[in-house]
Amino acid sequence: METAEQSDGGGLVFKPMDQFLVKPLSGDGIVQWFTFTNAALWTSLAVLAVFLLLVTATSKRAIIPGRAQSIAEFAYGFIHKMVEDICGKEGLRYFPYIMTLFMFIVMANFLGLNPTAFTPTSHFAVTVPLALAVFLGVTILGFVKNGASFLGMFWVTSAPLALRPALALIELISYFVRPVSHSVRLAGSMMAGHAVIKVFAGFAALAAVSPFAVLGITAMYGLEVLVCFIQAYVFTILTCVYLKDALHPHH
Amino acid sequence: MEGQLAHIGAGIAALGTGIAAIGVGNVASSFLGGALRNPSAAASQTATLFIGIAFAEALGIFSFLVALLLMFAV
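Chains are numbered independently. Their residues run from 1 in the order of the written sequence. Here the convention is simple: chains get letters from A, ligands get numbers from 1, in the order in which they are written. Predicted model: local features are reported for residues with pLDDT of at least 70 only, side-chain atom pairs are reported and counted for 80 or more only, and whole-chain, interface and lining totals are derived from all residues.

Q: What should I look at first to understand the overall build of chain A in this one?
A: Scanning chain A for helices and strands turns up 8 helices and 0 strands. A helix here means a DSSP run of H or I that spans at least four residues, while a strand means a run of E at least two residues long, and both kinds are numbered starting from the N terminus. Counting from the amino terminus, helix and strand elements in chain A follow one another as α-α-α-α-α-α-α-α. Counting other C-beta atoms within 10 Å of each residue's C-beta, where C-beta atoms are placed from the backbone, gives the exposure class: buried for 20 or more, exposed for 12 or fewer, partly exposed between. The 251 residues of chain A split such that 28% are buried. Residues are scored as being in contact if the C-beta atoms we place from backbone atoms lie within 7 Å. Nonlocal contacts in chain A, meaning residues at least 24 apart in sequence, comprise 62% of its contacts between residues at least 6 apart.

Q: Can you help me understand the interface of chain B and chain A in this one?
A: The partner chain A presents 14 residues to the 10 residues of chain B that form the contact. Residue composition of the side of chain B that touches chain A, by class: 9 nonpolar, no polar and 1 charged. All residues other than Ala, Val, Leu, Ile, Met, Phe, Trp, Tyr, Cys, Pro, Asp, Glu, Lys and Arg, Gly among them, are scored as polar; the first ten of these are nonpolar and the last four charged.

Q: What is the right way to look at the UniProt feature "domain: V-ATPase proteolipid subunit C-like" (unreviewed entry) in chain B in this model?
A: Sequence positions flagged by UniProt for "domain: V-ATPase proteolipid subunit C-like" (unreviewed entry) are, in local numbering, residues 8–70 of chain B. Taken end to end, residues 8–70 of chain B is 94% helix and 0% strand, and its two terminal C-alpha atoms sit 9 Å from one another. UniProt positions are given in the numbering used here, feature names are shortened, and annotations may be inferred rather than shown by experiment.

Q: Could you clarify how one ought to interpret the UniProt feature "transmembrane region" (unreviewed entry) in chain B in this entry?
A: All names here are of chain B. Within the UniProt annotation, "transmembrane region" (unreviewed entry) is assigned to residues 12–36 and 48–73. Helix makes up 100% of residues 12–36 and strand makes up 0%, while its end C-alpha atoms are separated by 37 Å. Helix makes up 96% of residues 48–73 and strand 0%. Its end C-alpha atoms lie 36 Å apart.

Q: Where do I start with the packing of helix 3 (residues 67–87) of chain A against helix 8 (residues 210–247) of chain A in this structure?
A: All names here are of chain A. Taken N-terminus to C-terminus, the directions of helix 3 and helix 8 make an angle of 35 degrees; their axes are 9 Å apart at the nearest point. As for the relative orientation of helix 3 and helix 8, their crossing is right-handed in sense. Where helix 3 approaches helix 8, its residues Ile79, Met82, Val83, Ile86 and Cys87 are matched on the opposing element by Thr236, Ile237, Cys240, Val241, Leu243, Lys244 and Leu247. Residues of the contact of helix 3 with helix 8, tallied by class, amount to 10 nonpolar, 1 polar and 1 charged. To get an axis, a line is fitted to the C-alpha atoms, and for a helix only the part in contact is used. The angle between two axes follows their N-to-C directions and goes from 0 to 180 degrees. Crossing handedness is read from the near helix: turned anticlockwise from the far helix by less than a right angle, it gives a left-handed crossing, and turned clockwise, a right-handed one.

Q: How should the nonpolar core be read in this particular structure?
A: Across soluble globular proteins, nonpolar side chains show a tendency to be buried alongside one another. A set of buried Ala, Val, Leu, Ile, Met, Phe, Trp, Tyr and Cys residues, joined to one another through C-beta atoms within 7 Å, is what we call a nonpolar core. If you look at the biggest cluster of nonpolar residues, it comprises 53 residues, and the most contacted ones within it are Phe102(A), Met103(A), Ile105(A), Met107(A) and Cys240(A). Counting residues per element, the ones that place at least two in this core are helix 2 (38–56), helix 3, helix 4 (95–111), helix 5 (124–146), helix 7 (178–203) and helix 8 of chain A together with helix 3 (46–72) of chain B. Apart from the residues lying within four places of it in its own chain, the contact partners of Cys240(A) are Met82(A), Val83(A), Ile86(A), Cys87(A), Gly91(A) and Ile98(A).

Q: For this particular structure, what's the right way to read unusual backbone geometry?
A: Residues apart from glycine generally show negative phi values, whereas peptide bonds are mostly found in trans. All names here are of chain A. The phi torsion at Arg61 lies on the positive side, around 50 degrees, for a residue other than glycine. Looking at the element boundaries, Arg61 is found in the loop between helix 2 and helix 3. Here Arg61 falls in the exposed class, since 7 other C-beta atoms lie within 10 Å of it. In this structure, Thr116 is a non-glycine residue whose phi angle is positive, near 65 degrees.

Q: What is the right way to look at the confidence of the model for chain A in this model?
A: Close inspection of predicted coordinates is inappropriate in any region flagged by low pLDDT. Residues and elements named next belong to chain A. Think of pLDDT as the predictor's per-residue confidence, scored from 0 to 100. Residues with a pLDDT of 70 or more make up 94% of chain A, whose mean pLDDT is 86. Looking at the elements of chain A, mean pLDDT is at its lowest for helix 1 (residues 3–6), recorded as 44, and at its highest for helix 4, recorded as 95. A low-confidence stretch, residues 1–12 stays under pLDDT 50, and its non-local contacts, those more than four residues away or across chains, total 13 contacts.

Q: Whenever I open this one, the environment of Leu238(A) confuses me. Can you help?
A: Mapped onto the secondary structure, Leu238(A) falls in helix 8. Using a count of 23 C-beta atoms within 10 Å as the deciding quantity, one classes Leu238(A) as buried. With 152 residues separating them along the chain, Leu238(A) and Ile86(A) place their C-alpha atoms 9.8 Å apart. When residues no more than four places from it in sequence are discounted, the contact partners of Leu238(A) are His182(A) and Ala54(B).

Q: So what exactly am I meant to see when it comes to the confidence of the model for chain B here?
A: All names here are of chain B. The pLDDT averaged across chain B works out to 87; a share of 97% of its residues lies at or above 70. Here helix 3 is the element of chain B with the lowest mean pLDDT, 84, and helix 1 (residues 2–37) is the one with the highest, 91. Note on the complex model: pTM 0.84, ipTM 0.72.

Q: Please clarify how the packing of helix 8 of chain A against helix 3 of chain B should be interpreted in this entry.
A: Any two packed helices are characterised by how steeply their axes cross, that is the angle between the axes, and by the distance between the axes. Put simply, helix 8 of chain A and helix 3 of chain B touch, their axes get as near as 10 Å, and they point 95 degrees apart. The angle between the axes of helix 8 of chain A and helix 3 of chain B places the two elements in the roughly perpendicular class. Counted together, Tyr233(A), Val234(A), Ile237(A), Leu238(A) and Val241(A) of helix 8 of chain A and Ala47(B), Phe50(B), Ile51(B) and Ala54(B) of helix 3 of chain B form the full contact between these two elements. Across the contact of helix 8 of chain A with helix 3 of chain B, the residue classes break down as 9 nonpolar, no polar and no charged. What sets the label is the angle itself: under 35 degrees gives roughly parallel, over 145 gives roughly antiparallel, 65 to 115 gives roughly perpendicular, and the rest give oblique.

What follows is the structure in structure tokens.
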């Protein structure tokens, strides 16, 4: 995002949007196809963290799980139950993909909370492909599973006949707007929260308000820890809801 | 001048996110009201709570998106 260049001005010398700039880690600052940037670094770190938690920590398969293994088991059980509750037994076939989505998003969000870290999920370039993959996958799955009767989802038979064309239009619009809200929600809340922390950090330059700045940063940081988890949860639960619509379009 | 008008428009569009916050608060408060009346049913409805919050929030996100577009794309 080229926000930082354009948003200068205002009273702050400190630029709250600078943390979202994609910068190459070596070389003369030109980003090319295979330049290793901070975005690439923190995305790989998120994948590494998922691997460490889900593969390495559980490789011993202890009967009495240690700390790391119980976190991994808890995450697995949590997502498994969510998929089963929302999509039914049938949806469990798609559990691996949903688990992958959740773990990647939650790890990218949490690693982005580290000081000087970069949050991959604060960029539309990361969240839009994630949401589009879900949208396209679910649409294709709906047509494969139900054939043309998948279109019945837009034709609400429980409504009076005169209302149905208008409802079909609304349903159609809300269907195609799904990937937009799905991706912008995640990127927007990550970006907004981190920018607010930096804005409070900017206040710390004034000695009179600096204690409040420290308090504000602490409070926002606590909220951000919560938001990081909740946004990953919401992304996953909406994926489950969309999947349910594709598997059972008639209610 | 046009750029400044776009910034004013972005500020007005950003009001929508605050209005969506009312909706989100409404969902959460109704959930809490229901959950305190019948705590045993509360745990099974948290997923519904988050789906409701997500849908209420989606409309706020659209106004946020409009604000972003006005700031950086117009």
